[in-house]
Amino acid sequence: MTYLKIDHVDKVFTRGSASTEVLKDINLTVEKGEYISIIGHSGCGKSTLLNIVAGLTNATQGGVLLEDREVNSPGPDRAVVFQNHSLLPWLTVYDNVRLGVDKVFAKTKTRAERDEWVLYNLNLVQMTHAKDKRPSEVSGGMKQRVGIARALAMEPKVLLLDEPFGALDALTRAHLQDSVMALHQKLGNTIMMITHDVDEAVLLSDRIVMMTNGPSAKIGEVLDVPLPRPRKRLELASNTTYLKCRQRVLEFLYERQRFVEAA
Amino acid sequence: MNMPVLKTNLAASAPMESATVVSLPMAKPSYMTTRILPGLRAVSARVVPPVIMLALIFGVWQLLCMKPGATLPSPSRIWADAKDLIIDPFFITGPQDIGLGWRVLTSLQRVAIGFGLASVVGILVGAVIGQSIWAMRGLDPIFQVLRTVPPLAWLPISLAAFRDSNPSAIFVIFITSIWPIIINTAVGIRNIPQDYRNVAAVVQLNQVEFFWKIMIPSAAPYIFTGLRIGIGLSWLAIVAAEMLTGGVGIGFFIWDAWNSSRLSDIFVALAYIGTVGFMLDRIVAFVANLATRGAQAS
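Residues numbered from 1 in each chain as written. Chains lettered and ligands numbered in written order. Predicted model: local features only at pLDDT ≥ 70, side-chain atom pairs only at ≥ 80, totals over all residues. Heavy atoms only, no water.

**Things to note about a nonpolar patch on the surface**
Residue and element names in this part refer to chain B.
Next, step 1: There is a patch of nonpolar side chains on the surface, built from Phe278, Met279, Ile283, Phe286, Val287 and Leu290 and spanning about 620 Å² of accessible area.
Next, step 2: Take Val287: it is sitting in helix H12 (residues 263-291).
Next, step 3: For Val287, a relative accessible area of 36% corresponds to the partly exposed category. (Patch = residues over 30% accessible without salt bridge, like charges linked within 9 Å, V, L, I, M, F, W, Y side chains within 5 Å. Areas by Shrake-Rupley, 256 points an atom, 1.4 Å probe, with all protein chains shown as cover. Salt bridge = Lys/Arg side-chain N within 4 Å of Asp/Glu carboxyl O. Helix = DSSP H or I, 4+ residues; strand = E, 2+ residues; numbered from the N terminus. Buried < 20%, exposed > 50% of the residue type's maximum accessible area, 1.4 Å probe, protein only.)

**Overview of the interface of chain B and chain A**
When the parts of a complex come together, some accessible area is lost, and that lost area is often used as the size of the interface.
Next, step 1: Tallying the contact residues gives 20 residues for chain B and 24 residues for chain A.
Next, step 2: Summed over both sides, the interface of chain B with chain A buries roughly 1,800 Å², with 68% coming from carbon and sulfur.
Next, step 3: Taken together, chain B and chain A are joined by one salt bridge.
Next, step 4: Between Glu209(B) and Lys103(A) there is a salt bridge, with its nearest N and O atoms 2.9 Å apart.
Next, step 5: Here chain B is connected to chain A by four residue pairs in polar contact (both at pLDDT 80 or more).
Next, step 6: Contributions of two or more residues to the side of chain B that touches chain A are made by helix H9 (194-203) and helix H10 (207-245) of chain B.
Next, step 7: Counting residues per element, the side of chain B that touches chain A draws most heavily on H9(B), at seven residues.
Next, step 8: Of the residues contributing to the side of chain B that touches chain A, the split by class is 10 nonpolar, seven polar and three charged. (Contact = heavy atoms within 4.5 Å. Buried area = accessible area lost by both parts, 1.4 Å probe. Polar contact = N/O pair within 3.5 Å; in protein donor to acceptor, adjacent residues only side chain to side chain. Nonpolar A, V, L, I, M, F, W, Y, C, P; charged D, E, K, R; others polar.)

**Quick notes on the packing of aromatic side chains**
All names here are of chain B.
Next, step 1: All chains considered together, the criterion is met by nine aromatic pairs over all chains.
Next, step 2: Plain terms: the ring middles of Phe143 and Trp179 are 5.2 Å apart, the flat faces sit at 45 degrees to each other, and that makes the pair tilted. Residue Phe143 is located in helix H6 (residues 133-146), and its partner Trp179 is located in helix H8 (residues 165-190); the two are separated by 36 residues in the primary sequence. With respect to class, Phe143 is no different from Trp179; both count as buried. (Phe/Tyr/Trp six-rings, centres within 6.5 Å; stacked < 30°, edge-to-face > 60°.)

**A look at H12(B)**
Residue and element names in this part refer to chain B.
Next, step 1: For H12, which comprises 29 residues, the first-to-last C-alpha distance of 42 Å matches the rise-based estimate of 42 Å (1.5 Å per residue) to within 8%.
Next, step 2: Those residues of H12 that fall on the buried side of the exposure criterion are Ser264, Asp265, Ile266, Val268, Ala269, Tyr272, Ile273, Val276, Leu280, Val284, Ala285 and Ala288.
Next, step 3: Buried-residue contacts for H12 involve helix H3 (75-81), helix H4 (83-87), helix H5 (100-131), H10 and helix H11 (250-259). (Expected span 1.5 Å × (residues − 1).)

**Structural notes on the environment of Asn58(A)**
Residues and elements named next belong to chain A.
Next, step 1: Take Asn58: it is sitting in the loop between helix H1 (46-54) and strand E4 (61-66).
Next, step 2: Sequence separation between Asn58 and Pro74 is 16 residues; the distance between their C-alpha atoms is 9.9 Å.
Next, step 3: Residues within four places of Asn58 in sequence aside, it is in contact with Lys11, Ile52 and Asn72.

**Observations concerning unusual backbone geometry**
Next, step 1: A cis amide bond links Arg229(A) to the next residue, Pro230(A), at an omega of -5 degrees.
Next, step 2: Here Pro230(A) lies in the loop between strand E10 (219-224) and helix H7 (233-236).
Next, step 3: One non-glycine residue, Glu67(A), adopts positive backbone phi at about 50 degrees.
Next, step 4: Relative to the elements of secondary structure, Glu67(A) occurs in the loop between E4 and strand E5 (69-70).
Next, step 5: You will see that Gln204(B), though not glycine, has its phi angle at about 60 degrees, which is positive.
Next, step 6: One can find Gln204(B) in the loop between H9 and H10.

**A few points about the domain arrangement of chain A**
Residue and element names in this part refer to chain A.
Next, step 1: Here chain A is partitioned into domain 1 (1-77 + 160-263) and domain 2 (85-155).
Next, step 2: For domain 1 and domain 2, the distance between their C-alpha centroids amounts to 25 Å.
Next, step 3: In this assembly, 12 residues from domain 1 lie in contact with 11 residues from domain 2.
Next, step 4: Between domain 1 and domain 2, roughly 940 Å² of surface is buried when both sides are summed, and carbon and sulfur atoms account for 72% of that area.
Next, step 5: Put simply, domain 1 and domain 2 have zero salt bridges between them.
Next, step 6: Remark: the boundary between domain 1 and domain 2 carries two residue pairs in polar contact (both at pLDDT 80 or more).
Next, step 7: In terms of residue class, the side of domain 1 that touches domain 2 is made up of seven nonpolar, four polar and one charged. (Domains from an automatic or database assignment.)

**Quick word on the side chain of Asp10(A)**
All names here are of chain A.
Next, step 1: Here Asp10 is to be found in strand E1 (residues 4-15).
Next, step 2: For the buried residue Asp10, which engages in no salt bridge, the nearest side chain bearing the opposite charge is Lys24, 4.5 Å off.
Next, step 3: In terms of polar contacts, Asp10 uses its side chain to reach the backbone amide nitrogen of Asp25, at 2.6 Å.
Next, step 4: Contact partners of Asp10, with chain neighbours within four places excluded, come to Leu23, Lys24, Asp25, Ala59, Thr60 and Gln61. (Lys, Arg positive; Asp, Glu negative; His and termini not counted.)

**Quick look at the confidence of the model for chain B**
Residues and elements named next belong to chain B.
Next, step 1: When the pLDDT values of chain B are averaged, the result is 84; 88% of them are 70 or greater.
Next, step 2: The low-confidence segment residues 1-14, where pLDDT is below 50, has zero contacts with residues more than four positions distant or belonging to other chains.
Next, step 3: The ipTM assigned to the predicted complex is 0.86, against a pTM of 0.77. (pLDDT = per-residue confidence, 0-100.)

**Structural notes on the sheet that holds E5(A)**
Residues and elements named next belong to chain A.
Next, step 1: Taken together, four strands build an open sheet; the order of strands is E2-E1-E4-E5 and the sheet is antiparallel. Two strands in the sheet have a free side with no partner beyond their single neighbour: strand E2 (18-30) and E5.
Next, step 2: Looking at chain direction, E1 and E2 are connected through nine bridges and run antiparallel. Pairing of Thr14 across the sheet is with Ser19, part of E2. (Pairing = 2+ DSSP bridges.)

Below, the structure is given as structure tokens:
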């Protein structure tokens, strides 16, 4: 049984009489516990694809099936970690996570259990120390950690990461990538991540989905990353499988789908 | 572990004692010079200029209105005529002979009811308009026309509808202050970032939760701008409305003083109105500051 299935998805944006086909016939299946990266040049519609899975945008044709049921509206079973963290600035770190927890577990957990669950998830991302701070009082990397905690706390069936480390500096990014890897190892989440960073994709993913340039972007190639877990950043630097995978993605992006400036 | 350290310190400082005594008198005035004097200076820098300007204005006014044929009373004349009104705002000597404090409170009560209703209705209507593009297209042009109608133009309609002066005055406050609240709330709600809407959608907040948890906090800075304009307008409107409807109130007091040629009383009333209006504005601004502390996005 496939866990998540993206079935013949087309997306056409219409504005007045002009219409642009962004995605064309996207088919993808994701197994439970798998870490999938979607990589492509900017403007290829990878964020649109993620939004369709999240239910924030509707597909023009085709649909998304999660455990054989169609999903076409947003919900906590497909929690999103947004690129710009999207924490509510008037709530504390704790309350930002609590907002989702209160809603998802309103009937299944008592007040005390929900409190405990929020703290447990903040602890997973090592943010318990800042639980009473507002988002404006913590660093960019910390905000993103809270964003991850908020998503994890909803116990999603699929965790959607929309370029989660794009706005961070290189050191913070590496640190957070390691954290996400450790969380994936520990919790076994199914994760779908948008990225434009080749190293990040190879390091984190079980499979890398490479998209062709838009308009009418398709899945160009799907690459298996047969590296054993847990993976270590430093050891991989000289690993031949890692380098081969990296080479394949680079070739796809910079030879076969060279980014056309005008597009 | 601490003990030997302490001992050596004591031993080292004992012969030096005469030297440290010299530095002690230095420490005392340093508190005075670092804390109290700059504090006083900061306060006086804000208080002294307006006091000087006020003295100048009163001086010029006194000079202009001192000569026998002057049409308006001079400050000294006002003090002589209306000393009781200035000194004691809360006296009661008869049904129509009460202190200005009482009259202001009566007016404030009307403003509180009218403005309170306008706030609740204005925020709700503004939220609907901000959320719905069709409500916006349908209602915005109408509101833009209605908001330019002067407060007093509503009074005859209001009197005809309510057939009583007190609800009419309250209605005038309501209808005057509601437009900026509606319009600012609608703008604030339209400007809620898509990110927050996405968060609400993923968490699956319902309409009511979305209103309280996302809309109101996110639009709070805009809403408070509307409330601040609204409270200013209601204070303008109440004085005018009371002049025409009569009864107790600071507006009617002015009208009554004019009819019985007590010009000095009018000046005192003006000072009261200005001060209260200023305080109302400050109060709303203060509440806005408290409420929107965290709302600045980062």
